[in-house]
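# Topology and contacts: notes
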Amino acid sequence: MTNKATVDLSGAAQTMLTTLYLKALDADFVRPVLGDEFARDAVAGIDYDWRSLGVSARWAPLVTVRTAQYDIWTREFLAKHPEATVVHLGCGLDSRIFRIAPGPGVRWIDVDFPAVIALRGQVYPSRPGYRLLAASATDNSWLQEIPADRPTLLLAEGISMYLTREEGGALLRSVIDRFGAGEVQIDFYSRPTIRTQRLHKLNRTTGSTLHWGVNRPAEVLADVPELRAVDDRSFFDASTFPRDSRLLSALGRLGRVLPPVRNAVQYHRYGFGPIA
């Protein structure tokens, strides 16, 4: 790429630069968790001082474990529903569409703020069945731009915490009302984790604020009873957790005796409508 893309982002949208960079660092590991070569190429193609983020490679699993787990669940959904719609809400600069490489029967829509979508258009190529949609997650009018003729997977990775509980519940109910059948795959911080947000450099430097904390799937089901639980994992019991890491294994042992540590970060999977 001879002309590098330029970045003009603010607030929560800036956090996607850190997640992208950590995925790129993971791609150079001897035993990567995600192995995302698309992320590495994207970092090389963006004009940005990545060192200014102040993150090191050892923290990459905090991002890649989650993303790799949702890759697994996405593939499982598409294996059951080869003619489906995937809506990746708050896609940032994630390259899941290219990592998954879905078949011709899949309609895939990546949704994010206009500035993010514009940057994606500079960094990643197009492909058949793939669409970029510029919209805010809290403006549910974007749902009407997506046909509701197939089982639909809503991927909402790394956005719930930036919504209020009321906004999040309204979003999930709108998705269910629009599409009728499918899955919601969404991650959460626990409420104790939300309360520690000012200790996190990323939140301080971007000026972003976290709101919606969830301690267990039952809380989501109480707010949105149309959902049904399919699976849930913590960071430590995700199938993609790197158990060869001494640092993370030590944190995992701590999590086994301290529930606030174990449940700090959660990955949830729900079904809705009349499909298996």
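Right above here is the structure, for reference.
Summary of the structure given here. Since we're looking at a predicted model, the values are computed, not measured.

## Some words on the packing of aromatic side chains
Here the structure, examined in full by the defined rule, presents 11 aromatic pairs. Summarising the aromatic geometry, the rings of Phe 98 and Tyr 130 are spaced 5.9 Å apart at their centres and angled 80° between planes, so their arrangement reads as edge-to-face. Placement of the pair is Phe 98 in helix α4 (residues 96–100) and Tyr 130 in strand β5 (residues 130–134), with a sequence separation of 32 residues. The residues Phe 98 and Tyr 130 share a single accessibility class, namely buried. Summarising the aromatic geometry, the rings of Phe 235 and Phe 236 are spaced 5.2 Å apart at their centres and angled 75° between planes, so their arrangement reads as edge-to-face. The exposure classification of Phe 235 matches that of Phe 236, with both residues buried. The structure contains a cluster of three or more aromatic residues connected by ring pairs, namely Phe 38, Phe 98, Tyr 124 and Tyr 130.

## Observations regarding helix α6 (residues 165–179)
For α6, spanning 15 residues, the distance from its first C-alpha to its last is 21 Å, which sits close to the expected 21 Å at 1.5 Å a residue. Taken together, the buried positions of α6 are occupied by Gly 168, Gly 169, Leu 171, Leu 172, Val 175, Ile 176 and Phe 179. When α6 is viewed along its axis, its buried side chains cluster within an angular range of 160° and face the same direction. Within α6, the exposed residues directed more than 90 degrees away from the buried face are Glu 166 and Asp 177. The secondary structure elements touched by the buried residues of α6 are β3 (85–89), β6 (152–156), β7 (182–189), α9 (217–223) and β9 (265–272). Phi for Gly 180, located one or two positions after α6, is positive at around 80°.

The rules behind each value
Residues numbered from 1 in each chain as written. Predicted model: local features only at pLDDT ≥ 70, side-chain atom pairs only at ≥ 80, totals over all residues. Heavy atoms only, no water. Phe/Tyr/Trp six-rings, centres within 6.5 Å; stacked < 30°, edge-to-face > 60°. Helix = DSSP H or I, 4+ residues; strand = E, 2+ residues; numbered from the N terminus. Buried < 20%, exposed > 50% of the residue type's maximum accessible area, 1.4 Å probe, protein only. Expected span 1.5 Å × (residues − 1). Arc of directions from axis to C-beta. Contact = heavy atoms within 4.5 Å.

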